[in-house]
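Notes for the structure review
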Amino acid sequence: MATIETVALRRGGLCLAESRPSVQIIFLLRFLTGTALCAQVAGADGHLGRTAWGALTWVLMIFSVYLFNGVMDVSEDRLNGSRRPICRGDLPPDFATAVAVGAALVSLLSGFALDPLMGLLLTVVLVLGYLYSGPPFPLKRSSGGTVLTGGAATVLTYVAGALSYASEFRVSMMLIVFVLAASLWTALVGSTTKDLPDIEGDAQAGRTTFAVTHGEATLRRVICAVAIGLALAFTAAVLLLDLPLWPSALAMVAGALAITVLCVQGRRREPYGAFMATQYALHGLVILTLV
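Every value quoted in this text rests on a predicted model; they were computed, and no experiment measured them.

Reading the values: rules and limits
Residues numbered from 1 in each chain as written. Predicted model: local features only at pLDDT ≥ 70, side-chain atom pairs only at ≥ 80, totals over all residues. Heavy atoms only, no water. Helix = DSSP H or I, 4+ residues; strand = E, 2+ residues; numbered from the N terminus. Rg over C-alpha atoms; globule rule 2.2 N^0.38 Å. Buried < 20%, exposed > 50% of the residue type's maximum accessible area, 1.4 Å probe, protein only. Contact = heavy atoms within 4.5 Å. Areas by Shrake-Rupley, 256 points an atom, 1.4 Å probe, with all protein chains shown as cover. Lys, Arg positive; Asp, Glu negative; His and termini not counted. Charge placed at Lys NZ, Arg CZ, Asp CG, Glu CD. Phe/Tyr/Trp six-rings, centres within 6.5 Å; stacked < 30°, edge-to-face > 60°. Lys NZ or Arg CZ within 6 Å of the ring centre and 35° of its normal. Core = buried A, V, L, I, M, F, W, Y, C linked by side-chain atoms within 4.5 Å. Domains from an automatic or database assignment. Polar contact = N/O pair within 3.5 Å; in protein donor to acceptor, adjacent residues only side chain to side chain. 1 Å grid on protein atoms, 1.4 Å probe; cavity = no way out; pocket = protein on both sides within 12 Å on 5 of 7 lines; lining within 4 Å. Points joined across faces, edges and corners; volume = space filled by probe spheres on them. Patch = residues over 30% accessible without salt bridge, like charges linked within 9 Å, V, L, I, M, F, W, Y side chains within 5 Å. Salt bridge = Lys/Arg side-chain N within 4 Å of Asp/Glu carboxyl O. Axes fitted to C-alpha atoms, helices over the stretch in contact; angles between N-to-C directions. Parallel < 35°, antiparallel > 145°, perpendicular 65-115°, else oblique. Left-handed = near helix turned anticlockwise from the far one by under 90°. Nonpolar A, V, L, I, M, F, W, Y, C, P; charged D, E, K, R; others polar. Expected span 1.5 Å × (residues − 1).

1. Some details on the overall build of the protein
Across its full length, the protein carries 14 helices and 0 strands. The secondary structure elements of the protein, listed N-terminal to C-terminal, are α-α-α-α-α-α-α-α-α-α-α-α-α-α. Its C-alpha atoms give the protein a radius of gyration of 19 Å, near enough to 19 Å, the size a compact globule of 291 residues would have. For the protein, the spread of C-alpha atoms along the three principal axes comes to 55 × 50 × 35 Å. Looking at the protein residue by residue over its 291 residues, the buried ones come to 51%. Within the protein, residue pairs in contact and separated by at least 24 positions form 78% of the contacts whose partners lie at least 6 positions apart. Total accessible area on the protein is roughly 12,900 Å²; 72% of this is exposed by carbon and sulfur atoms. Distance between charge centroids for the protein: 5 Å, based on 19 positive and 17 negative side chains.

2. A short note on the packing of aromatic side chains
All told, the structure shown has 6 aromatic pairs when counted by the stated rule. Relative to Tyr130, the ring of Phe68 lies with its centre 5.7 Å away and its plane at 20°, an arrangement referred to as stacked. Taken together, the residues Phe68 in helix α3 (residues 48-72) and Tyr130 in helix α7 (residues 116-133) connect sequence positions 62 residues apart. On the basis of an interplanar angle of 35° and a centroid distance of 5.6 Å, the ring pair of Tyr272 and Phe275 is categorised as tilted. In this pair, Tyr272 and Phe275 both sit in helix α14 (residues 270-290), 3 residues apart, roughly one turn of the helix. Three or more aromatic residues joined by ring pairs form one cluster here, namely Tyr158, Phe178 and Phe234. Here the basic side chain of Arg11 rests over the ring of Phe95, its NZ or CZ set 5.3 Å away from the ring centre. Arg30 extends its terminal NZ or CZ atom over the ring of Phe27, reaching a point 4.6 Å from the ring centre.

3. Some thoughts on the nonpolar core
Membership of the largest hydrophobic core comes to 61 residues, with the highest contact counts inside it found for Trp58, Met118, Phe178, Trp185, Phe234, Leu245 and Ile259. For Leu245, the contacting residues outside a window of four places in its chain are Met174, Phe178, Phe234, Val238 and Val286. Counting 13 residues, the second largest nonpolar core, distinct from the first, contains Cys15, Phe63, Leu67 and Phe68.

4. Things to note about the domain arrangement of the protein
Taken as a whole, the protein is organised into domain 1 (10-171) and domain 2 (172-290). Computed from C-alpha atoms alone, the centre-to-centre distance between domain 1 and domain 2 is 20 Å. The interface formed by domain 1 and domain 2 includes 4 residue pairs in polar contact (both at pLDDT 80 or more). For the side of domain 1 that touches domain 2, the secondary structure elements donating two or more residues are α2 (21-42), α4 (74-79) and α8 (143-166). The leading source of residues in the side of domain 1 that touches domain 2 is α2, at 12 residues.

5. Some remarks on the side chain of Ser191
Looking at the secondary structure, you find Ser191 in helix α9 (residues 173-195). Among residues more than four places away in sequence, those in contact with Ser191 are Thr146, Val147 and Thr186.

6. Regarding empty space enclosed by the protein
Leftover empty space is mapped by rolling, across the atoms, a probe with the size of a water molecule. One pass over the full model with this rule turns up 1 cavity of 30 Å³ or more. Approximately 40 Å³ is the volume attributed to the largest cavity. Forming the walls of the largest cavity are Tyr132, Lys140, Thr146, Ser191, Lys194, Asp195 and Arg207. Considering each element in turn, the lining of the largest cavity owes the most residues, 3 residues, to α9. Here the lining of the largest cavity gathers at least three residues from each of two domains, domain 1 (10-171) and domain 2 (172-290).

7. Comments concerning a nonpolar patch on the surface
A cluster of nonpolar side chains, Val171, Met173, Ile176, Leu240 and Leu241, forms an exposed patch at the surface whose accessible area comes to about 500 Å². For Leu240, the location among the structural elements is in helix α12 (residues 216-240).

8. A word on the packing of helix α6 (residues 93-114) against α7
Direction vectors running N to C along α6 and α7 enclose 155°, while the axes themselves pass 5 Å from each other. Accordingly, the angle class assigned to the pair α6 and α7 is roughly antiparallel. Seen along the crossing, α6 lies across α7 with a hand that is right-handed. From α6, Ala104, Ser107, Leu108, Gly111, Phe112 and Leu114 reach across to α7, where they touch Pro116, Met118, Gly119, Leu120, Leu122, Thr123 and Leu126. Considering only residue class, the contact of α6 with α7 consists of 9 nonpolar, 4 polar and no charged.

9. Looking at α8
One turn of the α-helix equals 3.6 residues, which is why residues spaced by three or four share an orientation. For α8, which comprises 24 residues, the first-to-last C-alpha distance of 35 Å matches the rise-based estimate of 34 Å (1.5 Å per residue) to within 8%. In terms of burial, α8 is a largely internal element, 18 of the 24 residues being buried. Ser167 occupies a position one or two residues after α8 and carries a positive phi of about 65°.

Structure below.
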């Protein structure tokens, strides 16, 4: 017979799975990329200890937000055939909600203890997370709401990474160009490729996403045009401004081409996978190049 500790430990692991570890990793990479870009300006004036503290605090908040999203998304996830723990019936929604609330509170306390501005940034992310998933008018029901929250959370993550390292947000042209390109890639390409395999379920759930209102064929054309356009614009900016970001620019071009081919082939889930792989490459290459 399982003990209380065993059940709690197992449910804790299921909470982690529900919060999508691949997403937690990419937010960590965004945070560390903000740190690396800031370090090019701040130099040795930064604090690695603060960076580690800030990174753990930030990821804990993202964990909370995505776990809460899993609780709120259970109806749509079942319509779309998701096999995440709550949909399978392995993780009670009440338990997941309690863990999400606890993680958010711990993250806020830790963030304000680190820096009042960090605490404020975490508060904004928490509010965005609730507005995206929670009642009465969740932003997730429309593509515009998804773009807004995804883009804002991404930008704030880079800001938090820079703030944790240098105790202030130091701006450089390289940081501006990368953050703008990567945030638009997340907001526009990520949101559209994510909706591609869930069109029928989203329609049944009453969502008014771009895919539901304009149809799959139009969505595919938009995905291809936006992905290629962003990749070319990013590459042009890197070349014209002579920034050491060309490995990431090449990664975005390769990712855009892969997404285009997959969309033309009629694939549904693979374009989002290509988007995520490109995300990992973009940030990993910046960190490796600068550090």
